[in-house]
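Listed here are the chains, written in short residue letters.
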Amino acid sequence: MRIIVSGAAGVIGSNLCHKLLELGYDVTGLDNLQFGYADNLPKGMNFFERGIHQFHYEVNNYDVFVSCHTANIIYAMEQPLKTWETNCTDTIELFQRFKGKIIYTSTSSIYGNAPVIPTTEDSPLNMTNAYARSKYVPELFLQDRGNYTTLRLTNTYGRHQRPDHPYSGAIGKMIGSALNGEPVKIYGNGSQTRDFVYVDDVVDAIIKAIELPALNTDINIGTGVETSIKELPDIISEYVDLNVEYVEGRAIDNISRRCLDIKKAEQLLDWSPRVSLREGIEKTIEWISSLTTCQK
């Protein structure tokens, strides 16, 4: 089986490439390195430094296309048109050209402020920004196309999440600040909740989807555990001394609660998360501590 992974130098894509190669798969990575880092990639792996709009004629040399590329939510607020181009137009054009099975990593952001927690896949959608809408449209295209499995990911963190990256997630940013002796920032009052899932668990879910026949449906990938932002420093402080600073909230913090129902993943993928938040944070601290950018 030949697998092409887009967004291969990002957090999820790079960890996926490492694991697939470890399992003996024939893997090729694709990334324009706008958001990812080349040194995240396994040494010597097949890799094209290109955007997805530059990768058309070769795409059908592969059996499975894993779509991990994305322009994220903060970038989307700054660059909505470019976000639509990347997440929607270019993505659908590549999906249309590809003849094999597609594993699409979508987002739980499409649920917005969900009326029911934990949130199931058939919950009403409440998209409030260009990021969520641009990620959802390819889902609709795949429903018409067939031969796909869509995974709706929640807040992924872990190895290769660099705190100095402008679009790093909350856990990576907090750990980086703590290791550098800087205040750990909490935006707003910190009561907003998220469903944090460690990257190894996300990778395991993607590999399950690769190895199974196309399920032609959308599946939540999370933990089913709701954690407030203000709880994170308490866990991090078990490993690193820190000070907390509360600052003004941002537009992206308008989702008050997020927690996914993962029964469908358990049933269809035979998957459930194995890494607890405390264990995942400890692993992430170990990895970020190894970066020279975070050494005092």
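Scroll up to find the structure this text is about.
Residues numbered from 1 in each chain as written. Predicted model: local features only at pLDDT ≥ 70, side-chain atom pairs only at ≥ 80, totals over all residues. Heavy atoms only, no water.

Asks: Explain the overall build of the protein chain here, please?
Replies: Each helix and strand counted, the protein chain has nine helices and 13 strands in total. The dimensions of the protein chain, computed from C-alpha atoms along their principal axes, are 50 × 45 × 40 Å. A burial count over the protein chain gives 55% of its 296 residues as buried. When contacts within the protein chain are restricted to residue pairs at least 6 apart in sequence, those whose partners lie at least 24 apart make up 80%. Within the structure as shown, the protein chain displays about 12,800 Å² of accessible surface, and the carbon and sulfur contribution to it stands at 47%. In the protein chain, which carries 28 positive and 37 negative side-chain charges, the distance between the mean positions of the two groups comes to 2 Å. (Helix = DSSP H or I, 4+ residues; strand = E, 2+ residues; numbered from the N terminus. Buried < 20%, exposed > 50% of the residue type's maximum accessible area, 1.4 Å probe, protein only. Contact = heavy atoms within 4.5 Å. Areas by Shrake-Rupley, 256 points an atom, 1.4 Å probe, with all protein chains shown as cover. Lys, Arg positive; Asp, Glu negative; His and termini not counted. Charge placed at Lys NZ, Arg CZ, Asp CG, Glu CD.)

Asks: Before we go on, may I ask you to explain the environment of Ala170 in this structure?
Replies: Mapping Ala170 onto the fold places it in helix α5 (residues 170–179). Judged by relative accessible area, which is 32%, Ala170 ranks as partly exposed.

Asks: What should I look at first to understand the nonpolar core in this one?
Replies: Across soluble globular proteins, nonpolar side chains have a tendency to be buried as a group. Counting 62 residues, the largest nonpolar core has Val5, Val66, Ile206, Ile221 and Ile281 as its most contacted members. A total of eight residues in this core trace back to one element, the largest contributor, which is helix α6 (residues 199–211). Setting aside residues up to four positions removed in sequence, Val5 forms contacts with Gly13, Leu16, Cys17, Leu20, Val27, Thr28, Gly29, Leu30, Val66 and Cys68. The next biggest cluster of nonpolar side chains, apart from the first, holds 14 residues, and it includes Ile4, Ile52, Leu94 and Ile102. (Core = buried A, V, L, I, M, F, W, Y, C linked by side-chain atoms within 4.5 Å.)

Asks: Would you explain the packing of aromatic side chains in this entry?
Replies: Aromatic rings considered in pairs are described by the distance between their centres and by the relative angle of their planes. Summed over all chains, the structure comprises nine aromatic pairs. With a centroid separation of 5.8 Å and an interplanar angle of 75°, the aromatic rings of Phe65 and Phe95 are classed as edge-to-face. Pair noted here: Phe65 is in strand β4 (residues 64–67) and Phe95 is in helix α3 (residues 80–97), with a separation of 30 residues, a long-range link. The burial state of Phe65 is the same as that of Phe95; both residues are buried. (Phe/Tyr/Trp six-rings, centres within 6.5 Å; stacked < 30°, edge-to-face > 60°.)

Asks: How should I be thinking about the sheet that holds β4 in this particular structure?
Replies: In sheet architecture, strand pairing relies on hydrogen bonds along the backbone and comes in two forms, parallel and antiparallel. Strands sit in the order β3-β2-β1-β4-β5-β6-β11 across an open sheet of seven strands; the sheet is parallel. At either margin of the open sheet sits one strand with a lone partner, and together these are β3 (46–48) and β11 (218–221). On average, each strand axis in the sheet is inclined to that of its neighbour by 20°, with strand direction left out of account. Pairing of β4 with strand β5 (residues 101–107) involves four bridges; the strand directions are parallel. Paired with Val66 across the bridge in β5 is Ile103. Those strands touched by helix α1 (residues 11–22) are β1 (2–6), β2 (26–30), β4 and β6 (148–153), and its axis lies near 160° from that of β1. (Pairing = 2+ DSSP bridges. Axes fitted to C-alpha atoms, helices over the stretch in contact; angles between N-to-C directions.)

Asks: For this particular structure, what's the right way to read α5?
Replies: Given 3.6 residues per turn, any residue in an α-helix points the same way as the ones three and four places further on. Most of α5 is tucked away, with eight of its ten residues classed as buried. Listed as buried for α5 are Ile171, Gly172, Met174, Ile175, Gly176, Ser177, Ala178 and Leu179. Elements in contact with the buried residues of α5: β7 (155–157), β8 (184–187), β10 (196–198), α7 (232–236) and α9 (277–289). With its phi angle positive at about 75°, Gly181 sits one or two positions after the end of α5.

Purely geometric stuff here, so don't read any function into it on its own.
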